[in-house]
Amino acid sequence: MDNLRLKIGELDIHRLGFGAMRLTGYRPAADRTEAIRVARRAVELGIDFIDTADAYGVGANEELLAEALHPYDNLLIATKVGHTRPSPREWIPCGRPEYLRQATELSLRRLRVERIDLLQLHRVDPAVPLADQLGALAGLVAEGKVRHVGLSEVSVQQLQEARRYVEVVSVQNRYNLTDRQHEEVLDYCTAEGIAFIPWVPIAHGEHAASQLLGLIAGELGATAAQLSLSWLLHRSPQLVPIPGTSSLDHLEENVAAAALTLTETHLARLAALSPSR
Ligand SMILES: NC(=O)c1ccc[n+]([C@@H]2O[C@H](COP(=O)([O-])OP(=O)(O)OC[C@H]3O[C@@H](n4cnc5c(N)ncnc54)[C@H](OP(=O)(O)O)[C@@H]3O)[C@@H](O)[C@H]2O)c1
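Now for a description of the structure that goes with this document. (Residues numbered from 1 in each chain as written. Predicted model: local features only at pLDDT ≥ 70, side-chain atom pairs only at ≥ 80, totals over all residues.)

Around the ligand, 26 residues are found, and the nearest of them are Gly19, Met21, Gly205, Ala208 and Gly244. Ranked by residue count, the leading element in the shell around the ligand is helix H9 (residues 248-256), at 3 residues. Split into classes, the residues belonging to the shell around the ligand amount to 11 nonpolar, 11 polar and 4 charged. (Near = placed C-beta within 6 Å. Helix = DSSP H or I, 4+ residues; strand = E, 2+ residues; numbered from the N terminus. Nonpolar A, V, L, I, M, F, W, Y, C, P; charged D, E, K, R; others polar.)

Okay, here's the thing in structure tokens:
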């Protein structure tokens, strides 16, 4: 399909990105060599947008990307701050301005950069005024430590409020073919020219095992996972899927999804699979 590039701020990216979360667990990667190989292969295959977070591997994910890919030639590494990980199962929002500043300083060091191209607020902390959380990020932009700011898991109302405090170039909400609770946010982002980065784009891998998707995909000579990703790329020109994988084979398969073109008939059949429309 055409229409595969997008500007995030002034940064031009290919719309099929890579989610790095699965390269590490709560702890550093068990097989560091293989994880580095996957990250490097993603770039070789043309991916120029990689999503990480300080919370992934409690810093280990950013460190791994730096080891694999620094100095990031024509590569946008987007990270996130605002979640603490006191244990593997806990993701606790922390939006206190001083914490967001410190977390960003640590991400800068781990990623080995002077400025983070895209810093996303991982979660809005309900205990802290939004103005304070975004104010902290706006301060980091003013100081040149952050180039662009994005949000994650927000409503249209929160997004509109946030835009009063800082320019927001991206939103990362949970979204895929069968989980479309954030349709309204996607439509808002599309209308406003804000990048929409759906996480769990292939539903934690569930779409890859879907017989129904496999049937339609088979008609196109594709796999179910590729069809699921292609549907996202067709859904909006602002949409940037970031499928996550620790497998070289799945990575190659997912990247190839960008070459698929779906007809109106395919899109209508896929739309019928959605629980919310
Ligand atoms: N903003 C947020 O709050 C938030 C939350 C969660 C995630 N994220 C971001 O979103 C990214 C994507 O989310 P995700 O990784 O959780 O979910 P996902 O991309 O929907 O699914 C990843 C799962 O699918 C499997 N998979 C990937 N490609 C496949 C293929 N072609 N065939 C079969 N199975 C395949 C992977 O296993 P294998 O490793 O075996 O391939 C993995 O188990 C993350 O990496 C992270 O960067 C953001």
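This next bit is on helix H3 (residues 97-111). Spacing of three or four residues puts side chains on the same side of an α-helix, whose turn is 3.6 residues. Under the 1.5 Å per step criterion, the end-to-end length of H3 is 21 Å for 15 residues, consistent within 8% with the ideal 21 Å. Within H3, burial applies to Leu100, Ala103, Thr104, Ser107, Arg110 and Leu111. The buried residues of H3 occupy one face: seen down the axis, they fall within an arc of 125°. Projecting away from the buried face of H3 at angles above 90 degrees are the exposed residues Glu98 and Gln102. Two residues or fewer past H3, Arg112 is found with a positive phi of approximately 60°. (Expected span 1.5 Å × (residues − 1). Buried ≥ 20, exposed ≤ 12 C-beta atoms within 10 Å, placed from the backbone. Arc of directions from axis to C-beta.)

On to helix H8 (residues 224-235), then. Its 12 residues place the ends of H8 17 Å apart at the C-alpha level, agreeing with the 16 Å of an ideal helix rising 1.5 Å per residue. With 11 of 12 residues buried, H8 lies mostly within the body of the structure. Here H8 has its buried residues at Ala224, Ala225, Gln226, Leu227, Ser228, Leu229, Ser230, Trp231, Leu232, Leu233 and Arg235.

Ranked by internal contacts, the top residues of the largest apolar core, which has 75 residues, are Ala39 and Leu137. What Ala39 contacts, discounting residues up to four positions off in sequence, is Ala20, Leu23, Leu64, Leu65, Ala68 and Leu69. (Core = buried A, V, L, I, M, F, W, Y, C linked by C-beta atoms within 7 Å. Contact = placed C-beta atoms within 7 Å.)

All right, on to the pairing of strand E5 (residues 76-81) then. Of all 6 residues making up E5, 6 are buried, and the element is well covered by its neighbours. Here E5 shows a buried face lined by Leu76, Ala78 and Lys80 and a second buried face lined by Ile77, Thr79 and Val81. Alignment of strand E4 (residues 49-51) against E5, held across 3 bridges, turns out to be parallel. Within the sheet, the bridge partner assigned to Phe49 lies in E5 and is Leu76. Bridging between E5 and strand E8 (residues 116-121) involves 4 bridges; their strand directions are parallel. (Pairing = 2+ DSSP bridges.)

To continue, consider the pairing of strand E10 (residues 168-172). Of all 5 residues making up E10, 5 are buried, and the element is well covered by its neighbours. Of the pairings in the sheet, the one linking strand E9 (residues 146-152) to E10 comprises 4 bridges and is parallel in character. Looking at E10, one finds that Gly150 is bridged to Ser170. Crossover handedness for the path E9 to helix H5 (residues 156-162) to E10: right-handed. Here 2 bridges tie E10 to strand E11 (residues 195-196), and the two strands are oriented parallel to one another. By the bridge assignment, Ser170 is partnered in E11 with Ala195. In this view, the connection linking E10 to its parallel neighbour E11 by way of helix H6 (residues 183-192) has right-handed handedness. (Right-handed = clockwise from strand over helix to strand, strands pointing away.)

Turning our eyes to something else, we now look at the sheet that holds E8. Read across the sheet, 7 strands follow the order E3-E4-E5-E8-E9-E10-E11 without closing on themselves; strand pairing throughout is parallel. Each end of this open sheet is capped by a strand with a single partner; those strands are strand E3 (18-19) and E11.

In this chain, His70 is followed by Pro71 through a cis amide linkage whose omega measures 20°. Mapping Pro71 onto the fold places it in the loop between helix H2 (60-69) and E5. Although it is not a glycine, Glu153 adopts a positive phi angle of roughly 50°. Among the structural elements, Glu153 can be located in the loop between E9 and H5. The phi angle at His204 is positive, at roughly 60°, despite the residue not being glycine. You can see His204 is positioned in the loop between E11 and helix H7 (211-219).

None of this, on its own, says anything about what the molecule does.
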